[in-house]
Amino acid sequence: MSLLAVEGLAKAFGGVRAVAGIGFMVQPGEMVAIIGPNGAGKTTCFNLLGGQLRPDAGRVTFGGRNITGWAPPALARAGIGRTFQVAQVFRSMTARENVQVARAACRRRLLSLLRSLAGTDTAEADRLLDAVGLAAAADQPVTALAYADLKRLELAVALAGEPILLLMDEPTAGIAASERQALMALVRNLVAARGLSVLFTEHDMDVVFGHADRVIVMHEGALLADGAPERIRTDPRVREVYLGGSLDDVGIAAGGQA
Amino acid sequence: MSFFVAQLLTGLANAAALFLVAAGLSVIFGVTRVVNFAHGSFYMLGAYLAYSLVTRLGTGLAEFWLAVLLAGLAVGVIGMVVEIVLLRRLYRAPELMHLVATFAVVLIVQDVTLALWGPQDLLGPRPAALEGGIIVLGERVPVYDLVLIVLGPLVLGGLWLLLNRSRWGILVRAATEDREMVGALGIDQKWLFTSVFFLGAFLAGIGGAVQLPREPANLMMDLNIIAEAFVVVVIGGMGSIGGAYLAALIIALLHAFGIVILPEITLVLVFLVMAVVLVARPWGLLGRPEAITSAPAHGVGPEARWQGRWLVPTFAASLAALALLPLATDVYGLQVTTEVLIFALFAVSLQFIIGVGGMISFGHAAYLGLGAYGAALLVHHLDAPMELALVAAPIAAGVGALVFGWLCVRLSGVYLAMLTLAFAQITWSAAFQWYAFTGGDNGILGIWPSPWAADPVIYYYVTLLLSSAAIAALWRARFAPFGYALRAARDSELRAAAVGIDVRHTRWLAFALAGTAAGLGGGLYAFLKGSVFPDVLAIPVSVDGLVMLLLGGVNAVLGPLIGAAAVTGGRIALVAETELWRAVLGAVIVGMVLWFPDGIAGTVRRGFGRGRR
Amino acid sequence: MLAVTGLQAFHGPAQALFDVSFDAARGEVLALLGRNGAGKSTLLKSIIGLVPAKAGEIALDGRDLSGLAPHRRAAAGIGYVPEDRRVFKGLSVRENLAVATRLPRAGAPAWDEPRVVALFPKLAELRDRRGGQLSGGEQQMLTIGRALMGNPLVLLLDEPSTGLAPRIVEGLAEAVSAMKSAGMTVLLSEQNLAFAAAVADAAVVLETGHVRWRGSMAHFLKDAELARTHLEV
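The sections below set out a description of the structure shown in this document. Nothing here was measured: the structure is a model prediction, and the numbers come from that model.

1. Let's talk about the interface of chain C and chain A
Consideration 1: Across the contact, 24 residues belong to chain C and 22 residues belong to chain A.
Consideration 2: Taken together, the links from chain C to chain A amount to 0 salt bridges.
Consideration 3: Applying the counting criterion to the chain C and chain A interface returns 0 residue pairs in polar contact (both at pLDDT 80 or more).
Consideration 4: Going through the elements one at a time, strand E2 (14-24), helix H8 (193-199) and helix H10 (224-230) of chain C are the ones with two or more residues in the side of chain C that touches chain A.
Consideration 5: The biggest single contributor to the side of chain C that touches chain A is H8 of chain C, with 4 residues.
Consideration 6: Looking at the side of chain C that touches chain A, its residues break down into 11 nonpolar, 8 polar and 5 charged.

Next comes the structure, spelled out in structure tokens:
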């Protein structure tokens, strides 16, 4: 059975159909990339799955449960972790505290008023920081971390909720090319070690084709193609939406101009 | 039927001034994103200036309207000066700074008005031509009321023309939608902001001037109207002139009809209307949803780490010193220190909401007051002993905070600030108006501690024990998972929700917790003073709390203690020294906001940080 | 006309532009190509001043604009058409145009409402319609027209073809060509290569915030491998 099943998901903003009835699945242990040109509806789709937006229509099933329209905290408790395009971390805390507070949320210890957070789940938090390569930065305030490290920290924070599925919105956006592959290799290893599934959007095609097991292409709010990376790469329709026409057409257009 | 019509007409007439003030507030906010606390002061100045002008020019019809116009223009110019001198330098500062800075203007204007016109109420002569009344359906209605009823729609229409038919109006509307894009199209926003301030202040000045023949100019006009104007703007929708008119009508009619049933009921009605509107349309009746989502939490940097380590030793040392204080000072000194301790608890609880929670509360006095009144009413009506009253005080405030907080946590930024202020003003009005129960402005007297605690030294120790225990408990909560969850929601609401934190619930609980703590302070305050007056609930007390935070540093753990000592001590000293203590306090706030926005502790810490790096 | 040298800019904490340099000659249409996320929008925003540049220089007709507020840059002659269009939704078409109105400057084509309407005849019938009621294509015409009303020396167009039907895109291409023949310098960020090919003289290819290629549009089109590497999936 698939882990995540999306059917007929739709969302319109004032008459503009940003996501127009899209459907796909994610299998356990799979890394799936969603790509598409600007305005294809990737972000809206992601925000529908992450609970930041409520769909107009459609159905989302996760592990057999209907989670359509659930709010983010409920999704987190159900086992869906999330990272954002611009890394979202708790800026007033240290790296370790970031993980600790996420851990406390996962264990439903937030209403505890009397114990101190500092002594809670320290070892576990440090293990998670170690797993993303931030062990040395545990006591650093996050404002002192480089952006690539914030992306790693965000990953650790998401993992602290013991997710089964990770939604990653442009995991490598804003970091240098050299660090992208390292970050995605890390994600890859975590997927293997923890049996996670990952659904991610991405602009960097090297990242997409280097790490995704499957690629979903969106165009104008709809699903254009869904398949193995090599099939997507050679799909003429996919090329066309990325270039606004096939290369031949463009050649003709340019010839006509000249 | 005729009675109905008469109340309707009175309500419509009352709406005129309220609409003028709210419309100005709304236009200013729409373009500059500044909630102008001093807008009530502009209204008050309008009334006083009109009084002076009318008494000089005479009461002919033309002279009267000339006086109104001149008063409005003068206030408009004053508004421009405030914008150029103060606000222009603060547009990039957090909203909290806007509110506190404009409140400083309120304080200064109060003392200037007092100095120029004196403390007595001044009823302006009504223009002779507008004297008398006409009979409408058997009820006599003052002609002047009818004039005001017509004035509302006239101004609404005039504003509509100005905003829709002039290039300036087009720019104002464009800037209200998307300030940044207007800049990217080549419009210098500086003069636009200044001119908008002129218009807003002009409208408030006219509002005050036309109210003069109906209501004497007095020194309480400013805060009374601003709280109502906030309610109107929240209900009508920020930045919507039509919404301001509609909401002003609703509020004025609620008052007109409520007052004949039972004056207290109007407050409940106003609260209920706000509750319904905010639950159904958080952005107001005619507002736009996007207007309220743009309000980020108070900007904060990393929490100071050393305070965690040094907090306990510092606190213990201070407690030891305070425990020995009775050996070193007299009764007066002890009473002052007792008051400082109470306000320290008040400030720490406010910091829990503002600093840790990122919610700007402008009505924290409500919870101090609910605690004080909760204790005093129990003693007064049921002869309860001090011990029981001190248990009831935090409960009363906690329940109040649960009720108000339930609505407040639905909003953020300046909307939340205005709502908290409106709620505080509702509790103030209840205490002020409900003579039979609260004694109104005569207060409740004879609230003395139990015999064993009657000695000031003993009462000092009682206060020291309870305040420090409550402060320690709030600090504990701050560094417990709960406090971190609250801070997490402040740092990044998106991330907090995504890790499973229910942001709204967490904030609501924090609100209740802080309210409860402030309520304990209120109970202690009642027994310290031996009496309770509505003043304890009033806006200046809320603002004192904010000034304490600003002085001590919004996020510094020990900041509220420093701030409470400085403000309470400073105020007591100032009041003894000068008549113009409000103006001095206002000037101090302005200086602080402009030059030391990080507060005493923050400024010192920054110095430290630089030294170490 | 427009010279950008060594520009560095950040998108929040993340660096979005690394040492970007290029220039556009008077009357030239320069296409900025690259996949989404390459930094095209950030580049245009830092030219108009909405994103502060960390380092580097932006010169318009020899005048250094670095450090100026957006309204000064607009006044100096930069016209900006944002990707998300940002029409004033509550203002009518005519009012939207009026916001940006500025007297014509010497040495540049002079634009006013009749001329803008002549360029986009569709706007004539929409004059009193509110911005929020326009379709995507109409909004795009309006934002371009609005920027022209400021009589700019250089027009920045951020992804004008996004989300528009092919027929509308053709119309836009004609409009850009018309502006060019009127002497306007245009900096066009585009993902739609067909559109860029139809209007641009030269191209700059951005990838992850770096300039990867510069040259004439004709040259870019001849080399199919270039497009494959930088634009395709």
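2. Details of the packing of aromatic side chains
Here the distance between the centres and the angle between the planes together describe a pair of aromatic rings.
Residues and elements named next belong to chain B.
Consideration 1: Within this structure, the stated rule accounts for 21 aromatic pairs over all chains.
Consideration 2: Here phenylalanine 19 and tyrosine 245 contribute two aromatic rings whose centre-to-centre distance is 5.0 Å and whose plane-to-plane angle is 80°, an arrangement assigned as edge-to-face. Placement of phenylalanine 19 in helix H1 (residues 2-32) and of tyrosine 245 in helix H10 (residues 241-261) is noted, with a sequence separation of 226 residues between them.
Consideration 3: With relative accessibility at 0%, the residue phenylalanine 19 sits in the buried group.
Consideration 4: Relative to tyrosine 415, the ring of phenylalanine 29 has its centre 6.3 Å away and its plane inclined at 90°; by these criteria the two rings are edge-to-face. Here phenylalanine 29, found in helix H1, pairs with tyrosine 415, found in helix H17 (residues 413-433); they are 386 residues apart in sequence, far enough to count as distant.
Consideration 5: Judged by its relative accessible area of 5%, phenylalanine 29 falls in the buried class.
Consideration 6: By relative accessible area, which is 2% here, tyrosine 415 ends up buried.

3. With respect to the pattern of salt bridges
Consideration 1: Taken as a whole, this structure holds 31 salt bridges over all chains when the rule is applied.
Consideration 2: A salt bridge links arginine 507 of chain B to glutamate 493 of chain B; the nearest nitrogen and oxygen atoms lie 3.7 Å apart. Taken together, the residues arginine 507 of chain B in helix H22 (residues 503-529) and glutamate 493 of chain B in helix H21 (residues 493-498) connect sequence positions 14 residues apart.
Consideration 3: Using a relative accessible area of 9% as the deciding quantity, one classes arginine 507 of chain B as buried.
Consideration 4: A relative accessible area of 45% places glutamate 493 of chain B in the partly exposed class.
Consideration 5: Counted as one network, the salt bridges with shared partners bring together Arg103, Arg107, Arg109, Asp121, Glu124 and Glu162 of chain A.

4. Details of H10 of chain B
All names here are of chain B.
Consideration 1: Taking 1.5 Å of rise per residue, the 21 residues of H10 would be expected to cover 30 Å, and the 30 Å separating its terminal C-alpha atoms lies within 8% of that figure.
Consideration 2: Every buried residue of H10 is accounted for by Ile241, Gly243, Ala244, Tyr245, Ala247, Ala248, Leu249, Ile251, Ala252, Leu254, Ala256 and Gly258.
Consideration 3: For H10, the N-terminal cap is serine 240; the gap from its side-chain oxygen to the backbone nitrogen of glycine 243 is 2.8 Å.

5. Description of a nonpolar patch on the surface
Residues and elements named next belong to chain B.
Consideration 1: A cluster of nonpolar side chains, namely Phe3, Phe4, Ile259, Val260, Ile261 and Leu262, defines an oily patch on the protein surface of about 580 Å² accessible area.
Consideration 2: Contributions of two or more residues to the nonpolar patch are made by H1 and H10.
Consideration 3: A per-element tally of the nonpolar patch places H10 first, with 3 residues.
Consideration 4: Positionally, isoleucine 259 belongs in helix H10.

Reading the values: rules and limits
Residues numbered from 1 in each chain as written. Chains lettered and ligands numbered in written order. Predicted model: local features only at pLDDT ≥ 70, side-chain atom pairs only at ≥ 80, totals over all residues. Heavy atoms only, no water. Contact = heavy atoms within 4.5 Å. Salt bridge = Lys/Arg side-chain N within 4 Å of Asp/Glu carboxyl O. Polar contact = N/O pair within 3.5 Å; in protein donor to acceptor, adjacent residues only side chain to side chain. Helix = DSSP H or I, 4+ residues; strand = E, 2+ residues; numbered from the N terminus. Nonpolar A, V, L, I, M, F, W, Y, C, P; charged D, E, K, R; others polar. Phe/Tyr/Trp six-rings, centres within 6.5 Å; stacked < 30°, edge-to-face > 60°. Buried < 20%, exposed > 50% of the residue type's maximum accessible area, 1.4 Å probe, protein only. Expected span 1.5 Å × (residues − 1). Patch = residues over 30% accessible without salt bridge, like charges linked within 9 Å, V, L, I, M, F, W, Y side chains within 5 Å. Areas by Shrake-Rupley, 256 points an atom, 1.4 Å probe, with all protein chains shown as cover.

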